[in-house]
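If you want the building blocks of each chain, they are given just below.
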Amino acid sequence: ELVDAAGFDLIPEARRKLKCSLCPAPLKASGAKLQCHHGKCAKAFHPTCALGHGLALELHDGADNRVFCEAHRPGGPRRPAARPPPGG
């Protein structure tokens, strides 16, 4: 059973109803989520899922913290690593 962290009750209900786009189905609706800062992008994620997937987090003192989904990350989406040529 999951236990809510201290202060969880201070998180707006709408934030808690979002579903994490990165974690497995049973956990998607649990906990609080962040939402992509880009325009009207609806992608949401748990902070720990975002960090684990290498998403761009901009953390500042105060309330202007931002997170971006893979498609909207600053500098564009990550490209797959180049594969070495066969035999090389």
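Residues numbered from 1 in each chain as written. Predicted model: local features only at pLDDT ≥ 70, side-chain atom pairs only at ≥ 80, totals over all residues. Heavy atoms only, no water.

Draft legend 1. Representation of the nonpolar core in the model. Ranked by size, the top nonpolar core spans ten residues in total: Cys20, Cys23, Cys36, Cys41, Phe45, Cys49, Ala50, Leu55, Val67 and Cys69. Residues in contact with Cys23, not counting those within four places in the same chain, are Lys28, His46 and Cys49. (Core = buried A, V, L, I, M, F, W, Y, C linked by side-chain atoms within 4.5 Å. Buried < 20%, exposed > 50% of the residue type's maximum accessible area, 1.4 Å probe, protein only. Contact = heavy atoms within 4.5 Å.)

Draft legend 2. Examining the environment of Phe45 more closely. With respect to the secondary-structure elements, Phe45 resides in strand 2 (residues 44-45). Relative accessible area serves as the criterion here: at 1%, Phe45 is assigned to the buried category. Separated by 27 residues in sequence, Phe45 and Leu18 have C-alpha atoms that sit 8.2 Å apart. If sequence neighbours within four positions are ignored, Phe45 has contacts with Cys20, Ser21, Leu22, Lys33, Leu34, Gln35, Cys36, Ala50, Leu55, Val67, Phe68 and Cys69. (Helix = DSSP H or I, 4+ residues; strand = E, 2+ residues; numbered from the N terminus.)

Draft legend 3. Fine view of the side chain of Ser30. Tracing the sequence through the fold places Ser30 in the loop between helix 1 (13-17) and strand 1 (34-35). For Ser30, the side chain forms a polar contact with the main-chain oxygen of Leu27, separated by 2.8 Å. (Polar contact = N/O pair within 3.5 Å; in protein donor to acceptor, adjacent residues only side chain to side chain.)

Draft legend 4. Main features of the confidence of the model for the protein. Predicted confidence across the protein gives a mean pLDDT of 76, with 73% of residues reaching 70 or more. Taken element by element, the predicted model of the protein shows its lowest mean pLDDT in strand 3 (residues 56-58) (76) and its highest in strand 2 (90). (pLDDT = per-residue confidence, 0-100.)

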